[in-house]
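# Analysis of the macromolecular model
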Amino acid sequence: MIDFKSFFDFTKLPTKIFVVTALGSATFLFMPDDFTKTLHFDKFIEYSGYVGIVFVFSTIFILVNFIIWLYQKIEYKINVKKVKEELKKELLNLDHREKAVLREFAIQGQNSIKMPYDDTIVSGLIDKGILKYNMQLGNSFVVNGNNVSLSLSKYIQEVITPEHLGLSINMTEDEKEYIQQLRPEWTRYRWY
């Protein structure tokens, strides 16, 4: 059975087709008479009304698509700004154990770290959007035991500072020793 509804669904056609249709019909409608005769379009003058309807329809379709595209771009920018603001607030409200997990990126000097996904602190940071799974096989990730490769989310990387993690630039030996003692328990069982 032929589905006539999908056959007449113009929204599934690419906008490029409507741009070409609008430009072609505009050329036919607005070109000078001598150019019309040169291209032998003067035989089609009687269809000008239909060409005008095609021009108006395709131009309106292009304008509507442009407005939708512009709206989606603006909405995306607003949503990204909201997410960044929420993540900044989350960074300010980290407890000492969450800071210890995030400090591992600085301590190990890596962008990706294998962490136990079943650790309550790690899973909480994933839920908050601070940590993200590293997709290794398309849209999937590899689990090694209860460890999975994680990294900081893109927006966190843009806003996180050493101060968020309780680190200072010129740390004393006592501060380094104190931070070493605060490292998460799962780091003690790792082989480096």
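For the structure, see preceding data.
Summary of the structure given here. Just so we're clear, the structure is a prediction, and the values are computed from it rather than from any experiment.

Rules of the game
Residues numbered from 1 in each chain as written. Predicted model: local features only at pLDDT ≥ 70, side-chain atom pairs only at ≥ 80, totals over all residues. Heavy atoms only, no water. Core = buried A, V, L, I, M, F, W, Y, C linked by side-chain atoms within 4.5 Å. Buried < 20%, exposed > 50% of the residue type's maximum accessible area, 1.4 Å probe, protein only. Helix = DSSP H or I, 4+ residues; strand = E, 2+ residues; numbered from the N terminus. Contact = heavy atoms within 4.5 Å. Salt bridge = Lys/Arg side-chain N within 4 Å of Asp/Glu carboxyl O.

### Looking at the nonpolar core
- One finds Val101, Leu102, Met115, Val122, Leu125 and Leu131 to be the most contacted residues of the largest nonpolar core, which totals 25 residues.
- Ranked by the residues each element gives to this core, the list is headed by helix H6 (residues 120–127), at 4 residues.
- Not counting chain neighbours up to four residues away, the residues in contact with Val122 comprise Val101, Met115, Pro116, Tyr117, Leu131, Leu150 and Trp186.

### Quick look at the pattern of salt bridges
- Inspection of every chain in the model, using the stated rule, returns 5 salt bridges.
- One salt bridge in this structure joins Lys84 and Glu158, with 2.9 Å as the shortest N-O distance. Note that Lys84 is positioned in helix H4 (residues 48–92) and Glu158 in helix H7 (residues 154–159), a separation of 74 residues in sequence.
- Of the residues examined, Glu158 reaches a relative accessible area of 48% and is grouped as partly exposed.
- For Lys88, the salt bridge goes to Glu85, with nearest N and O atoms at 3.9 Å. Of this pair, Lys88 and Glu85 are both found in helix H4, 3 residues apart, which corresponds to roughly one turn of the helix.
- By relative accessible area, which is 37% here, Lys88 ends up partly exposed.
- Among the residues examined, Glu85 registers a relative accessible area of 39% and is labelled partly exposed.
- Overlapping salt bridges, with partners in common, bring together Glu90, Glu98 and Lys128 in one network.

Purely spatial values, then, with no claim about function.
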